[in-house]
Amino acid sequence: AQKVTQAQTEISVVEKEDVTLDCVYETRDTTYYLFWYKQPPSGELVFLIRRNSFDEQNEISGRYSWNFQKSTSSFNFTITASQVVDSAVYFCALSFLRMDSSYKLIFGSGTRLLVRP
Amino acid sequence: DTAVSQTPKYLVTQMGNDKSIKCEQNLGHDTMYWYKQDSKKFLKIMFSYNNKELIINETVPNRFSPKSPDKAHLNLHINSLELGDSAVYFCASSQADRDGYTFGSGTRLTVV
C-alpha cells in the first residue's frame, strides 16, 4: 500500500538556522510523483515542488532545496537560513496511478515548522 | 483570475442542516477532487471526478454527495450535518497528473 510518513510532528528553530524536513514514502509503483506543499497560518495550500520517480536530481530554488533518494525512499526538504515567514505546516505528498488509470494524491501528516526571531 | 475557487470560505451551521460547498476551476483540467482536513491537519481525499465521472470515493458517509455538472465544477453537498463534519474542505484539480494539483483556498465548515 502507498504511504507517506513525516515523522517530525513539530520543529522549532531560530531564524537563520538551516532546517531539514524529512519525508519517507512507500509504494511498489515504478512511476509516481512526489510533492511538497506549504500551508501557512492563512490556511491555503501552496505548491512548492513536484518530482517524478525517474528524476533523482536534487533541486534548489532560492533558500529551498530537495533531496530525492529512491534507495531510501526519501524526499527531504531543506530550508537554508530560515526566516520567520517560513513558519507553516509542510506536507509531503505522493501521487500514484491506480488500477483504473486515475491518479490519487495522498499526504503525509505534516510537519509544523516554527521559526523564532 | 483564481485558478480554483471555492465558496463559501467560511460556513457555520447547526447540526442536522444540509449545506453545499461549490468549487470551480478555470484551468481546463479534467479531474477534480475534494479533500478534508481535520483539526489535526490530516489531509484525506474524499472524492475524485474525471470529466464528470466519479472515479474515487473514499469510504465517505452517504450524507456526502458530490455533484459535477461539468468538468469545471465539482460541488459537495452534505446532508444532516454532524459535529464531526467540522473541518476544512479543499477542492483541487489536475490534468492527468501532468501539471500537479492546484488547490482552492479551502472552506472552513463549523457545525454547532
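Structure: above.
Because the structure is predicted, anything quoted here is derived from the model rather than measured.

Scoring rules and cut-offs
Residues numbered from 1 in each chain as written. Chains lettered and ligands numbered in written order. Predicted model: local features only at pLDDT ≥ 70, side-chain atom pairs only at ≥ 80, totals over all residues. Heavy atoms only, no water. Helix = DSSP H or I, 4+ residues; strand = E, 2+ residues; numbered from the N terminus. Buried < 20%, exposed > 50% of the residue type's maximum accessible area, 1.4 Å probe, protein only. Contact = heavy atoms within 4.5 Å. Areas by Shrake-Rupley, 256 points an atom, 1.4 Å probe, with all protein chains shown as cover. Core = buried A, V, L, I, M, F, W, Y, C linked by side-chain atoms within 4.5 Å. Disulfide = S-S within 2.5 Å. Pairing = 2+ DSSP bridges. Axes fitted to C-alpha atoms, helices over the stretch in contact; angles between N-to-C directions. Polar contact = N/O pair within 3.5 Å; in protein donor to acceptor, adjacent residues only side chain to side chain. Buried area = accessible area lost by both parts, 1.4 Å probe. Salt bridge = Lys/Arg side-chain N within 4 Å of Asp/Glu carboxyl O.

**Student:** Would you mind going over the overall build of chain B in detail, with residue names and values included?
**Tutor:** Counting its secondary structure elements, chain B contains 0 helices and 11 strands. Taken over the C-alpha atoms alone, chain B extends approximately 40 × 25 × 25 Å along its principal axes. A total of 112 residues make up chain B; the buried ones form 46% of that total. Within chain B, residue pairs in contact and separated by at least 24 positions form 54% of the contacts whose partners lie at least 6 positions apart. Of the roughly 5,500 Å² of accessible surface on chain B, a fraction of 48% belongs to carbon and sulfur atoms.

**Student:** Please give an account of the nonpolar core that cites residues and values.
**Tutor:** Residue and element names in this part refer to chain A. Core analysis: the biggest nonpolar cluster contains 26 residues, and W36, W66, F77, Y90 and L113 have the highest contact counts within it. Every element with two or more residues in this core is listed here: β2 (10-14), β3 (19-21), β5 (32-39), β6 (46-52), β8 (64-69), β9 (74-79), β10 (88-97) and β12 (111-116). Leave out the neighbours within four places in its chain, and W66 touches W36, L48, I49, N58, E59, S61, F75, N76 and F77.

**Student:** Describe the state of the cysteines, and please don't skip the residues or the numbers.
**Tutor:** Each disulfide is one covalent bond, formed between the sulfur atoms of two cysteines. Overall, the coordinates contain 2 disulfides over all chains when judged by the stated rule. Between the sulfur atoms of C23(A) and its disulfide partner C92(A) the distance amounts to 1.9 Å. The S-S bond linking C23(A) to C92(A) shows a torsion near -65 degrees; that makes this disulfide left-handed. You can see C23(A) sitting in the loop between β3 and β4 (24-26) and its partner C92(A) sitting in strand β10, a full 69 residues away along the chain. Residues C23(A) and C92(A) agree in their burial class; the two are buried. With its sulfur 1.8 Å from that of its partner, C23(B) forms a disulfide with C91(B). Since a negative S-S torsion denotes a left-handed disulfide, the C23(B)-C91(B) link at about -80 degrees is left-handed.

**Student:** Which residues make up unusual backbone geometry, and what values go with them?
**Tutor:** A negative phi angle is the norm for most residues apart from glycine, just as the trans form is the norm for most peptide bonds. For the peptide bond that leads from T7(B) to P8(B), omega is -5 degrees, which places it in the cis range. Despite not being glycine, K16(A) shows a phi value in the positive range, around 85 degrees. Looking at the secondary structure, you find K16(A) in the loop between β2 and β3.

**Student:** Requested: an account of the sheet that holds strand β1 (residues 4-7) of chain B, with residues and values cited.
**Tutor:** All names here are of chain B. Taken in spatial order, the 4 strands of this open sheet run β1-β3-β8-β7, and their pairing is antiparallel. A strand with exactly one partner marks an edge of an open sheet, and here the two such strands are β1 and β7 (64-70). In this sheet, adjacent strand axes meet at a mean angle of 20 degrees when their direction is disregarded. As paired strands, strand β3 (residues 19-25) and strand β8 (residues 73-78) are joined by 4 bridges and run antiparallel to one another. Bridged to S20 within β8 is H77.

**Student:** Run through the environment of S93(B), naming residues and quoting values.
**Tutor:** Tracing the backbone shows S93(B) in strand β9 (residues 87-94). At 2.8 Å, the side chain of S93(B) and the side chain of H29(B) are in polar contact.

**Student:** Break down the interface of chain B and chain A for me, citing the residues and quoting the values.
**Tutor:** By a widespread convention, an interface's size corresponds to the accessible area lost as its parts come together. Residue-level contacts link 19 residues of chain B with 20 residues of chain A. Note on chain B versus chain A: buried area summed over both sides is about 1,700 Å², and carbon and sulfur give 58% of it. Our enumeration of links across chain B and chain A arrives at 1 salt bridge. The residue K104(A) makes a salt bridge to E58(B) at a minimum N-O spacing of 2.9 Å. At the junction of chain B and chain A, the tally comes to 6 residue pairs in polar contact (both at pLDDT 80 or more). Sorting the residues of the side of chain B that touches chain A by element identifies β4 (31-37), β5 (43-50), β6 (53-57) and β10 (101-103) of chain B as the ones contributing at least two each. Top element by residues in the side of chain B that touches chain A is β4(B). It accounts for 3 residues.

Purely spatial values, then, with no claim about function.
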